[in-house]
Amino acid sequence: MRHTFFCIDGHTAGNPVRLVAGGAPLLQGASMSERRQDFLARFDWIRTGLMFEPRGHDMMSGGFLYPPTLPDTDAGVLFIETSGCLPMCGHGTIGIVTFGLENGLIVPREPGRLRLEVPAGVIDLDYAVEAGRVAWVKIRNVPSYVAAEGIRIEVPGLGPLSVDVAYGGNYYAIVEPQGGYRGLDALGAQAILRFSPQVRALVREQFTPVHPLDPTIQGVSHVLWADAPSSEGAHGRNAVFYGERAIDRSPCGTGTSARLAHLFAKGRLKVGEPFVHESFIKSRFTGRVEAVTELAGRPAIIPSVQGSAIATGHNTIWIDRADVFWEGFQV
Ligand code: PYC
């Protein structure tokens, strides 16, 4: 049996986005969060088949568009990537919205504005079209907050570290330069890939954050190595580790949101101040604290993240049950 998926492939600031425009399964659930659970329970083979090798790779990421469950929204989005179905994905949203608008798969009720339902909640977006293409997308993300500060871990080969945990649609262990971590260039990609799973596991031993409004969102999934900017006009740089072997090529939308909440909580960023965030490969998003809010009684912010995406082509992918690797594999 052969399953066919019509995809628009591209990237947001260097990180891949595969918008699955045809072949999405029918999902049950009264919200995108419930549909996420239904997808994970019944259709996870679609995610692994499209994201893992041999049809994907360690960084592969994407999503599906669905009719929303909520009134006053334009579309629902379900994210898929190598580590699972994220509650929210910033670079994925920028790519999915860009390809969706450019191909008539999203029809906005008001040009230049969108309201999307994602598993983590509802997000508002602005975008600009220039010469028939989406030039940029700005996400006003879900309420973001600092969940824990000063978690002390001892990483073999790196030494003692003090780690904070912040939420920006996923929970991030944030490591700032200190002790054995002297910045991204000194550490290098291979060491980031080696140390990040250890940092994540050591933080998980001490702390499990649970979203105050949706307990299906829990646990530290990503590690954000923060650093000073590397070029003029930027305010910070990061390397976000996700899945088992991925360094985000983009500055990471939910990671940037978590970092904005973190910097704001520490008094190092003001409302409205631009924060140009560079990725490991030095691509950029512009972040801002749009507003101060609260999340179930905790101080929180509404972050915004702006960036752009470009399609690289159409990709009709078969998952054929006759293929020994129909569900994909990871090494
Ligand atoms: O942009 O939010 C993001 C993201 C999450 C994982 C990879 N990118």
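Per chain, residues are indexed from 1 in the order of the written sequence. Where totals are concerned, whole chains, interfaces and linings use all residues; where local detail is concerned, this predicted model gives features only for residues with pLDDT of at least 70, and gives and counts side-chain atom pairs only at 80 or more.

(A) Representation of the overall build of the chain in the model. The secondary structure listing takes helices from DSSP runs of H or I that are at least 4 residues long and strands from runs of E that are at least 2 residues long, numbered from the N terminus. The helix and strand tally for the chain stands at six helices and 17 strands. Throughout, radius of gyration means the C-alpha value; the globule benchmark is 2.2 Å times the number of residues raised to the power 0.38. Its C-alpha atoms give the chain a radius of gyration of 19 Å, within 12% of the compact-globule value 20 Å for 331 residues. Overall, the C-alpha framework of the chain stretches about 55 × 45 × 40 Å when taken along its three principal axes. Burial is judged by counting other C-beta atoms within 10 Å of a residue's own C-beta: 20 or more means buried, 12 or fewer means exposed, and anything between counts as partly exposed, with every C-beta placed from the backbone. Classification of the 331 residues of the chain by burial places 49% in the buried group. The contact criterion used here is simple: two residues whose C-beta atoms, placed from the backbone, lie within 7 Å are in contact. Of the contacts formed within the chain by residues at least 6 apart in sequence, a portion of 64% connects residues at least 24 apart.

(B) Examining unusual backbone geometry more closely. Cis peptide bonds are those with omega within 30 degrees of zero, and the linkage from E53 to P54 qualifies with 5 degrees. Take P54: it is sitting in the loop between α2 (44–51) and β3 (61–66). Even without being a glycine, A131 presents a positive backbone phi close to 50 degrees. If you trace the backbone, A131 turns up in the loop between β6 (121–130) and β7 (133–140). Using a count of 5 C-beta atoms within 10 Å as the deciding quantity, one classes A131 as exposed. A positive phi is found at A296, a non-glycine position, where the angle reads about 50 degrees. Residue classification places A296 among the exposed residues on the basis of 10 C-beta atoms within 10 Å.

(C) Main features of the site of the ligand. Taken together, 13 residues lie near the ligand, and G90, H91, C252, G253 and T254 sit nearest. When residues of the shell around the ligand are traced back to their parent elements, those giving at least two are α3 (90–102) and α6 (253–265). Among the residues making up the shell around the ligand, the classes are represented as four nonpolar, eight polar and one charged. Proximity of a residue to a molecule or strand is defined by its backbone-placed C-beta atom lying within 6 Å of that partner. Asp, Glu, Lys and Arg are counted as charged, while Ala, Val, Leu, Ile, Met, Phe, Trp, Tyr, Cys and Pro are counted as nonpolar; the rest, among them Gly, fall into the polar class.

(D) The arrangement of the confidence of the model for the chain in detail. pLDDT expresses how confident the predictor is about each individual residue, on a scale running from 0 to 100. Chain-level statistics for the chain give a pLDDT mean of 98 and a share of 100% at 70 or above. Across the interface, the model reports ipTM at 0.99; the global pTM reads 0.98.

(E) The pairing of strand β12 (residues 236–242), seen in detail. Counting buried residues in β12 gives seven out of seven residues, a clear majority hidden from the surface. Summarising the sheet, β12 and strand β14 (residues 275–278) pair through two bridges and their orientation is parallel. From the neighbouring strand, R237 faces β14, where its bridge partner is E278. Bridge count between β12 and strand β13 (residues 246–247): two bridges; the pairing is antiparallel. Bridge pairing in β13 places Y242 opposite A246. Strand pairing is assigned whenever DSSP identifies at least 2 bridges connecting the two strands.

(F) Quick peek at α2. Most of α2 sits inside the fold, with six of its eight residues counted as buried. Looking at α2, one finds that the buried residues are I46, R47, T48, G49, L50 and M51. Packing partners of the buried residues in α2 comprise β1 (2–12), β2 (15–22), β3, β4 (75–81) and β17 (309–320).

(G) Here's a closer look at the environment of G112. For G112, the position within the fold is in the loop between α3 and β5 (113–118). Considered as a pair, G112 and V129 are 17 residues apart in the sequence and their alpha carbons are 7.8 Å apart. Excluding residues that lie within four positions of it along the chain, G112 makes contacts with D126, Y127 and A128.

(H) Expanded view of the nonpolar core. A166, A173, I174, V175 and A261 are the most contacted members of the largest nonpolar core, which has 89 residues in total. Beyond its immediate stretch of four places on either side in the chain, A173 contacts V163, V165, V199, R200, V203, V220 and V223. Each nonpolar core consists of buried Ala, Val, Leu, Ile, Met, Phe, Trp, Tyr and Cys residues. Their C-beta atoms, within 7 Å, join them into a set.

(I) View of the environment of E176. Relative to the elements of secondary structure, E176 occurs in the loop between β10 (171–175) and α4 (184–187). Take E176: there are 19 C-beta atoms within 10 Å of it, and that puts it in the partly exposed class. Distance from E176 to D164, taken between C-alpha atoms, is 8.9 Å for residues twelve residues apart in sequence.

(J) Region of the structure containing the packing of α3 against α6. The geometry of α3 relative to α6 is characterised by a closest axis approach of 5 Å and an angle of 130 degrees between their N-to-C directions. If you check the angle between α3 and α6, you find them oblique. Across the interface between the two elements, G90, H91, T93 and I94 of α3 pack against G253, T254, T256 and S257 of α6. Split into classes, the residues belonging to the contact of α3 with α6 amount to one nonpolar, seven polar and no charged. Angles shown run from 0 to 180 degrees and are taken between the N-to-C directions of axes, each axis being a line fitted to C-alpha atoms and, for helices, limited to the stretch in contact. When describing relative orientation, an angle under 35 degrees is termed roughly parallel and one over 145 degrees roughly antiparallel, while 65 to 115 degrees is termed roughly perpendicular and anything else oblique.

(K) Region of the structure containing α3. Helix span, expected: 1.5 Å multiplied by one less than the number of residues in the helix. Taking 1.5 Å of rise per residue, the 13 residues of α3 would be expected to cover 18 Å, and the 18 Å separating its terminal C-alpha atoms lies within 8% of that figure. With eleven of 13 residues buried, α3 lies mostly within the body of the structure. Along α3, the positions that sit buried rather than exposed are G90, H91, G92, T93, I94, G95, I96, V97, T98, F99 and G100.

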